[in-house]
Amino acid sequence: MKHIRNFCIIAHIDHGKSTLADRLLEFTSTVSERDAQAQVLDNMDIERERGITIKSHAIQMDYLLDGEKYVLNLIDTPGHVDFSYEVSRSIAACEGALLIVDSTQGIQAQTISNLYKAIEHDLHIIPVMNKMDLPNAMPDEVEDQILELIGGKREDIIHASGKTGMGIENILRAIVHDVPPPVGDSAKPLQCMIFDSVFNSFRGIIAYFKVVNGEIRKGDLVKFMATGKEYHADEVGVLRLEMEPRKMLGAGDVGYIISGIKTSKEVKVGDTITHVKGGCQNRVEGFEEVKPMVFAGVYPIDSDDYEDLRASMEKLQLNDASLTFEPESSAALGFGFRCGFLGMLHMEIIQERLEREFDMNVITTVPNVPYIVHTKKGEQVEVHNPSGLPEQTIIDWIDEPYIHAQIITKSEYIGQIMNLCLTKRGEMVKQEYLTADRVELSYNMPLAEIVFDFYDKLKSISKGYASFDYQPIGFKPAKLIKLDILLNGESVDALSTLIHFDNAQPLGRRMCEKLKELIPRQQFDIAIQAAIGSKIISRETVKAVRKDVTAKCYGGDISRKRKLLEKQKKGKKRMKQVGNVEVPQKAFMAVLKLD
Ligand code: GTP
């Protein structure tokens, strides 16, 4: 165990985590240069395209220093706020962390919030200033920021470049010298902490864990404590570039277990694996059930695809336990599913995977957060859908989820950002200068306000110079009402939203205006109305038009005519018939993009 080092990398998106990890793998000959061309740690297509490490993984490398062989386990952490619980479990499996800061960008919000998590878990922090090959690097300024944040000595900050390989050896040395070896006891009862799992179509669910105490052997009868389910450890091993089976893993080791588990629901990140006989009494601390925080309806565009959609969702859920879904129906959209996501990015990813991997055409409705309705009878009902709101007369009050938000920005944008947070019902908690011109703002705000276009606005106000991170902090009472949208007098349930009373009037007006832009003119007038209860608060009209797209072609060119008609047909695919009105997919998400 003396020769094991478990570490993770803390970095803001795009600060070069994956590139640097590749260099470490290359330097330790864990991968050849050719393999490394494609970033090894992100192996899902979408991950690569978005450049975001979505699921955490782990990889083991050997490193020889002063004649001693060390085993270094790099535990990858996902880099987006939606996955913050997974990050915290990966961090909990380590004794050290590389803090990577892009020397052209400086410290960002995500870096800070993950750094706090690492410090909370007593990890040794190795500061690394990356992208030092770039001419616009600002080493002095960024060093000041790092020292301000974690203290320490200026000369301990490693200058590196994932591009040229500069600093890589120093990083490896620092890991061996400065990160303490794990402190477990192989003689104690088995305690393995799961920090991730993946689905493999041949082998089922593969759980990744760190042995905190005890020893686990192939063939052992083990129990997953959160679910109480028992399994045989069909295979245990370590994670090199491929999985490498081992007979035994002991305290401090990081590895995987394959035990015939079919669905990801049985394997919960943060859970403890122990032996059925002579196992441990207590779980490793910090386990939480992750709960979806954003809900939306997902409907097939073609109602015949309903069963296919269900099958696709079931498959997605096999490797993504944080996705939840249950059937729901909408008067406007027919049969579909109410899905729960960790956050907005998670929702986009699922939508994209449904389309790409399963060839499904879906409409996603306006997302909302979960609400807790307290009835006058003293009951509590969790509501995931505006149409599921109980009758107004029986509601005592409604609670909504709150978050703690951290924003880091240049000082010149503070005023505008404070205004934005104010309009989003934010309460300022702290304002702190990190350096002369960089400020950290923290706010408590309703999660619902973040779901609606907060991040886009923050970016445009700050011209991209603001970063943002958040953690849920519980529920608080809110004055909420249901806002309905009517098309030609018919309420469209899929366009209903639950929103704060003060925002209802302006939102209703803007939604009507936006829908007027998005709904194409049809052969009759379309009235668009916003209503609270039976009270209409806003109205717009889409004027009728007689549409003959081929008229312009003067009858001559048949093939051009056909092309035009085909194009029109394609355009229709993303339309949904609501009553007698054709509504484009975009309209259902309109509320997210109001200016
Ligand atoms: P996420 O996975 O999204 O968190 O990003 P990441 O932090 O893993 O960043 P990644 O390694 O994907 O690098 C982001 C971009 O910066 C890529 O275009 C890299 O080619 C580039 N990059 C990374 N390291 C360096 C470096 O040291 N120098 C230069 N010039 N570019 C770098």
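Residues numbered from 1 in each chain as written. Predicted model: local features only at pLDDT ≥ 70, side-chain atom pairs only at ≥ 80, totals over all residues. Heavy atoms only, no water.

The name that an unreviewed UniProt entry assigns to the protein chain is Elongation factor 4, with the source organism given as Saccharicrinis carchari. Database annotation for the protein chain, UniProt heading Catalytic activity (unreviewed entry): "GTP + H2O = GDP + phosphate + H(+)". Turning to the protein chain, the UniProt record has this under Subcellular location (unreviewed entry): "Cell membrane". (UniProt positions renumbered as here; feature names shortened; annotations may be inferred.)

Turning next to the nonpolar core. Judged by nonpolar contacts, the single largest core of 51 residues is most densely connected at L354, I407, I417 and F454. Split by domain, this core shows at least three residues from each of two domains, domain 3 (294–315 + 326–367) and domain 4 (372–478). Setting aside residues no more than four positions away along its own chain, I417 makes contact with I407, T409, L441, L458, I461, S462 and A466. Listed in part, the 37 residues of the second largest apolar core include I10, A58, A137 and V142. (Core = buried A, V, L, I, M, F, W, Y, C linked by side-chain atoms within 4.5 Å. Buried < 20%, exposed > 50% of the residue type's maximum accessible area, 1.4 Å probe, protein only. Domains from an automatic or database assignment. Contact = heavy atoms within 4.5 Å.)

Okay, the environment of E513 next. Summarising the element assignment, E513 is placed in helix α13 (residues 501–518). Along the primary structure E513 and Y116 are separated by 397 residues, whereas in three dimensions their C-alpha atoms are 44 Å apart. (Helix = DSSP H or I, 4+ residues; strand = E, 2+ residues; numbered from the N terminus.)

Another point: the domain arrangement of the protein chain. The domains assigned to the protein chain are domain 1 (4–178), domain 2 (191–275), domain 3 (294–315 + 326–367), domain 4 (372–478) and domain 5 (482–592). Counting residues at the interface gives 8 residues for domain 3, matched by 6 residues for domain 4. Together domain 3 and domain 4 conceal approximately 570 Å² of surface at their shared face, both sides included; 61% is due to carbon and sulfur atoms. Considering only the surface of domain 3 that becomes buried against domain 4, F295, R338 and M344 emerge as the three largest contributors, covering 55% of it. Between the two partners, domain 3 and domain 4, sit 0 salt bridges. One can count 2 residue pairs in polar contact (both at pLDDT 80 or more) joining domain 3 with domain 4. Grouping the constituent residues of the side of domain 3 that touches domain 4 by class yields 6 nonpolar, no polar and 2 charged. (Buried area = accessible area lost by both parts, 1.4 Å probe. Salt bridge = Lys/Arg side-chain N within 4 Å of Asp/Glu carboxyl O. Polar contact = N/O pair within 3.5 Å; in protein donor to acceptor, adjacent residues only side chain to side chain. Nonpolar A, V, L, I, M, F, W, Y, C, P; charged D, E, K, R; others polar.)

Among the secondary structure elements, N73 is positioned in strand β3 (residues 68–75). Looking at N73, the relative accessible area reads 2%, which means it is buried. Here N6 takes part through its side chain, which lies 2.8 Å from a polar atom of the side chain of N73. Polar contacts involving the side chain of N73 include one to the side chain of Q60, which spans 3.3 Å. Aside from chain neighbours lying at most four places away, what touches N73 is I4, R5, N6, F7, I59, Q60 and V254.

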